[in-house]
Amino acid sequence: MKVLLVFAHPEPRSLNGALRDVAIKELEAQGQQVKVSDLYADRWKSEVDRADFPPLAPDARLKPAAASGEAFAADALTDDVRAEQAKLRWADVLILQFPLWWFSMPAILKGWVDRVYAYGFAYGVGEHSDKRWGDRYGEGTLAGKRAMLIVTAGGWAEHYAERGINGSIDDLLFPINHGILYYPGYDVLPPFVAYRVDSLDETGFEPVAERLRERMRTLATIPPIPYRRQNGGDYLIPSMQLRPDLGKPGVTGLALHVDA
Ligand SMILES: Cc1cc2nc3c(=O)[nH]c(=O)nc-3n(C[C@H](O)[C@H](O)[C@H](O)COP(=O)(O)OP(=O)(O)OC[C@H]3O[C@@H](n4cnc5c(N)ncnc54)[C@H](O)[C@@H]3O)c2cc1C
């Protein structure tokens, strides 16, 4: 199995750095091939701007999606972006690893998504008509591959439970799991989340590391989150509404899109 780990922490000696090393060591011990994109170490450019689209005429108005589609179709995206796309095509499993910053991913990782997920590669894929709304949400360029998050959080698990003040972790990670990973086709595995990490000491590290090793051992077998497929009959097209007869009574909001 080929695994790409995209790492977004500025300090290699951090807890995240230590957990990344644990994950890689475990994967390699199982004979998996691992590549790492270390965004801070690579000085990843996170902002989308016209330098990303070499075919764009200097005086042309920049429309990011259109410019992205044109550059992707012409195989003229910048080298850094094309290298990441090649790694995504190569990998059977994608892991995004980051500390939770303001209830989401660090900006550098969001910028990786913004730039690597070009139009024609991760969105704008497939037939768009009144019968079909493209290949996305379970279908698309990256279908058949698996993806998961490794996240550390300062807050407690209880703070991120169903009734916790921060909102449930499933809701907070939904835009990443569903909007970024499921959208271009990945089967999304449950996230690995380590809570209350700011007060972690060396004794506390080992149980977290062991839990992570176990997740690395089950990458190929753990069932994905059962998100509903866009083109599987659950949604009305083109309104993209979940059919009124689906969804358990009392279930509302983001949980409607999980067929549990
Ligand atoms: C801008 C910002 C926004 C934030 N927003 C949120 C938020 O929205 N929600 C939330 O819950 N939290 C938030 N936090 C907290 C953040 O999620 C944590 O600080 C982060 O997850 C800790 O990960 P780290 O890798 O930076 O840990 P580090 O600071 O590197 O380490 C954390 C602890 O682990 C210990 N440790 C134990 N073993 C090891 C080892 N082997 N190697 C290294 N360290 C070890 C360290 O000594 C330290 O005490 C935010 C923090 C910042 C800076």
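What you see is a predicted model, and the numbers here were worked out from it, not measured in a lab. (Residues numbered from 1 in each chain as written. Predicted model: local features only at pLDDT ≥ 70, side-chain atom pairs only at ≥ 80, totals over all residues.)

Remarks on the overall build of the protein chain
Working step 1: Secondary structure summary: the protein chain contains six helices and six strands in total.
Working step 2: Along the chain direction, N to C, the helices and strands of the protein chain fall in the order β-α-β-α-α-β-α-β-α-β-β-α.
Working step 3: Taken against the 2.2 N^0.38 rule, which gives 18 Å for 260 residues, the C-alpha radius of gyration of the protein chain at 19 Å falls within 12% of a compact globule.
Working step 4: Its C-alpha atoms put the protein chain at 55 × 50 × 35 Å along the principal axes.
Working step 5: The buried share among the 260 residues of the protein chain stands at 33%. (Helix = DSSP H or I, 4+ residues; strand = E, 2+ residues; numbered from the N terminus. Rg over C-alpha atoms; globule rule 2.2 N^0.38 Å. Buried ≥ 20, exposed ≤ 12 C-beta atoms within 10 Å, placed from the backbone.)

Considering helix α2 (residues 64–73)
Helical periodicity: at 3.6 residues per turn, an α-helix aligns residues three or four positions apart in one direction.
Working step 1: All buried positions along α2 are accounted for by Ala-67, Ser-68, Ala-71 and Phe-72. All buried residues of α2 fall inside an arc of 130° around its axis, so they share one side.
Working step 2: Following α2 by one or two positions, Asp-75 has its phi on the positive side, about 55°. (Arc of directions from axis to C-beta.)

Re the site of the ligand
Working step 1: Lining the immediate surroundings of the ligand are 20 residues, of which Ser-14, Pro-99, Thr-152, Gly-154 and Gly-155 lie closest.
Working step 2: A per-element tally of the shell around the ligand places helix α1 (residues 15–29) first, with three residues.
Working step 3: Here the shell around the ligand is composed, by residue class, of eleven nonpolar, six polar and three charged. (Near = placed C-beta within 6 Å. Nonpolar A, V, L, I, M, F, W, Y, C, P; charged D, E, K, R; others polar.)

Examining the UniProt feature "domain: Flavodoxin-like fold" (unreviewed entry) in the protein chain
Working step 1: Per the UniProt annotation, the sites labelled "domain: Flavodoxin-like fold" (unreviewed entry) are residues 1–214.
Working step 2: Along residues 1–214 the backbone is 35% helical and 14% strand, and the end-to-end C-alpha distance reaches 16 Å. (UniProt positions renumbered as here; feature names shortened; annotations may be inferred.)

Structural notes on the packing of α1 against helix α6 (residues 202–217)
Working step 1: The geometry of α1 relative to α6 is characterised by a closest axis approach of 9 Å and an angle of 40° between their N-to-C directions. Between α1 and α6, the angle is such that the two are oblique. Classified by chirality, the crossing of α6 by α1 is right-handed. From α1, Leu-19, Val-22, Ala-23, Glu-26 and Leu-27 reach across to α6, where they touch Ala-209, Leu-212, Arg-213, Met-216 and Arg-217.
Working step 2: When its residues are assigned to classes, the contact of α1 with α6 shows seven nonpolar, no polar and three charged. (Axes fitted to C-alpha atoms, helices over the stretch in contact; angles between N-to-C directions. Parallel < 35°, antiparallel > 145°, perpendicular 65-115°, else oblique. Left-handed = near helix turned anticlockwise from the far one by under 90°. Contact = placed C-beta atoms within 7 Å.)

A short note on the nonpolar core
Working step 1: Formed by 60 residues in total, the largest nonpolar core has its most connected members in Val-6, Leu-94, Ile-95, Leu-109, Ala-147, Leu-149 and Val-188.
Working step 2: Residues in contact with Val-6, not counting those within four places in the same chain, are Ser-37, Leu-39, Ile-95, Leu-96, Gln-97, Leu-109 and Trp-112. (Core = buried A, V, L, I, M, F, W, Y, C linked by C-beta atoms within 7 Å.)

What about the environment of Arg-229?
Working step 1: One can find Arg-229 in the segment after α6.
Working step 2: Given 15 C-beta atoms within a 10 Å radius, Arg-229 is considered partly exposed.
Working step 3: Residues Arg-229 and Ala-91, 138 residues apart in the sequence, show an inter-C-alpha distance of 22 Å.
Working step 4: When neighbours within four sequence positions are excluded, Arg-229 is seen to be in contact with Tyr-137, Gly-138 and Asp-234.

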